[in-house]
Amino acid sequence: MSAVPAVVLVGPMGVGKSTVGQLLAERLGVGYRDTDDDIVAAEGRTIAEIFVDEGEPAFRAIEKRAVAVALAEHEGVLALGGGAVLDADTRALLAGHRVVYLSMHVDEAVKRTGLNAARPLLAVNPRKQWRELMEARRHLYEEVATAVVPTDDRTPEEVTQQALEALELKKA
Ligand SMILES: Nc1ncnc2c1ncn2[C@@H]1O[C@H](COP(=O)(O)OP(=O)(O)O)[C@@H](O)[C@H]1O
Ligand SMILES: O=C(O)C1=C[C@@H](OP(=O)(O)O)[C@@H](O)[C@H](O)C1
Ligand SMILES: [Mg+2]
């Protein structure tokens, strides 16, 4: 199969990949897909349950396959989980795609995710965890991105508009 997603969204937990992804798909008149949703549907378990039952490395292996399948099958907007870029093969697969990195600062991240059990990596001391995740990942998001869209102090609609402009899919 040789479909190519119109846009792939990457960035940290809570930045709005799933929210903006759906708006972006509506604006572009294409389908929306989210690899976290694919994983939950295929496994019949929540992301948190997979982390608890099998641990993060097992989740990453499942995620790696889910991303490769979605990249090969999907023609619309594709949102990835925040940690998908940790995998070097996944980063290689993203080369040549239109990839938008949605970014934000830590205060905004804590507001958006809070103490959210659905994101097991932020369940304890979210501010510290988020800072550490970003230190490990920021350069990976930048490496795969063809455009960066800051989301602080922007509504999801404004972020969507900025993404369209950054991609030159829609004039201001
Ligand atoms: N631009 C934004 N401004 C304020 N809140 C937002 C924005 N984008 C998303 N959110 C909120 O932040 C939370 C995380 O959004 P989500 O789309 O699930 O992020 P991700 O998929 O990147 O983890 C949700 O509660 C969502 O409503
Ligand atoms: O950043 C991460 O490591 C993760 C991000 C989550 O997706 P979102 O970025 O959509 O929250 C989800 O895949 C899982 O909880 C792990
Ligand atoms: Mg999401």
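Residues numbered from 1 in each chain as written. Chains lettered and ligands numbered in written order. Predicted model: local features only at pLDDT ≥ 70, side-chain atom pairs only at ≥ 80, totals over all residues. Heavy atoms only, no water.

**Student:** I tried to follow the environment of Thr-151 on my own but got confused; where do I start?
**Tutor:** In this fold, Thr-151 is placed in the loop between strand 5 (147-150) and helix 8 (156-166). Residue class for Thr-151 comes out buried when judged on its relative accessible area of 0%. Sequence separation between Thr-151 and Leu-102 is 49 residues; the distance between their C-alpha atoms is 6.4 Å. What Thr-151 contacts, discounting residues up to four positions off in sequence, is Val-15, Leu-102, Ser-103, Met-104, Arg-112 and Val-159. (Helix = DSSP H or I, 4+ residues; strand = E, 2+ residues; numbered from the N terminus. Buried < 20%, exposed > 50% of the residue type's maximum accessible area, 1.4 Å probe, protein only. Contact = heavy atoms within 4.5 Å.)

**Student:** Help me understand the site of ligand 1 in this model?
**Tutor:** In the region of ligand 1, 14 residues are neighbours, and Gly-14, Lys-17, Thr-19, Arg-119 and Arg-154 sit closest. Between an oxygen atom of ligand 1 and a side-chain N or O atom of Lys-17, the distance comes to 2.8 Å. A distance of 2.5 Å is found between an oxygen atom of ligand 1 and a side-chain nitrogen or oxygen belonging to Thr-19. With the chains in place, 71% of the 570 Å² that ligand 1 exposes on its own is no longer accessible. Contributions of two or more residues to the shell around ligand 1 are made by helix 1 (17-28) and helix 8. Top element by residues in the shell around ligand 1 is helix 1. It accounts for three residues. Here the residues of the shell around ligand 1 sort into five nonpolar, five polar and four charged. (Near = heavy atom within 4 Å. Polar contact = N/O pair within 3.5 Å; in protein donor to acceptor, adjacent residues only side chain to side chain. Areas by Shrake-Rupley, 256 points an atom, 1.4 Å probe, with all protein chains shown as cover. Nonpolar A, V, L, I, M, F, W, Y, C, P; charged D, E, K, R; others polar.)

**Student:** Before we go on, may I ask you to explain the site of ligand 2 in this structure?
**Tutor:** Near ligand 2 lie 13 residues; those nearest to it are Lys-17, Asp-36, Arg-60, Arg-119 and Arg-137. A distance of 2.7 Å separates an oxygen atom of ligand 2 from a polar side-chain atom of Lys-17. Contact distances for ligand 2 include 2.6 Å between an oxygen atom and a side-chain N or O atom of Arg-60. Alone, ligand 2 offers 390 Å² of accessible surface; in the complex the protein occludes 96% of this. Across the shell around ligand 2, the residue classes tally to five nonpolar, three polar and five charged.

**Student:** Please explain the sheet that holds strand 1 (residues 7-10) as it appears in this structure.
**Tutor:** As a general point, the strands of a sheet are linked pairwise by backbone hydrogen bonds and lie either parallel or antiparallel. Pairing within the open sheet is parallel, and its five strands lie in the order 2-3-1-4-5. At either margin of the open sheet sits one strand with a lone partner, and together these are strand 2 (32-34) and strand 5. Strand-to-strand twist in this sheet, taken as the mean axis angle between neighbours without regard to direction, amounts to 25°. Here three bridges tie strand 1 to strand 4 (residues 99-103), and the two strands are oriented parallel to one another. Each residue of the ladder has a partner; that of Val-8, found in strand 4, is Val-99. Those strands touched by helix 1 are strand 1, strand 2, strand 3 (77-79) and strand 4, and its axis lies near 165° from that of strand 1. Strands strand 2 and strand 3 of the sheet are contacted by helix 2 (residues 35-43), whose axis makes an angle of about 65° with strand 2. (Pairing = 2+ DSSP bridges. Axes fitted to C-alpha atoms, helices over the stretch in contact; angles between N-to-C directions.)

**Student:** What's the story with the UniProt feature "binding site: Mg(2+)" (unreviewed entry) in the protein in this structure? I'm lost.
**Tutor:** As recorded in UniProt, the feature "binding site: Mg(2+)" (unreviewed entry) lies at Ser-18. Structurally, Ser-18 is set in helix 1. Ser-18 gets classed as partly exposed once you look at its relative accessible area, which sits at 34%. With residues near it in sequence (within four places) discarded, Ser-18 still touches Tyr-32, Asp-34 and Ala-79. (UniProt positions renumbered as here; feature names shortened; annotations may be inferred.)

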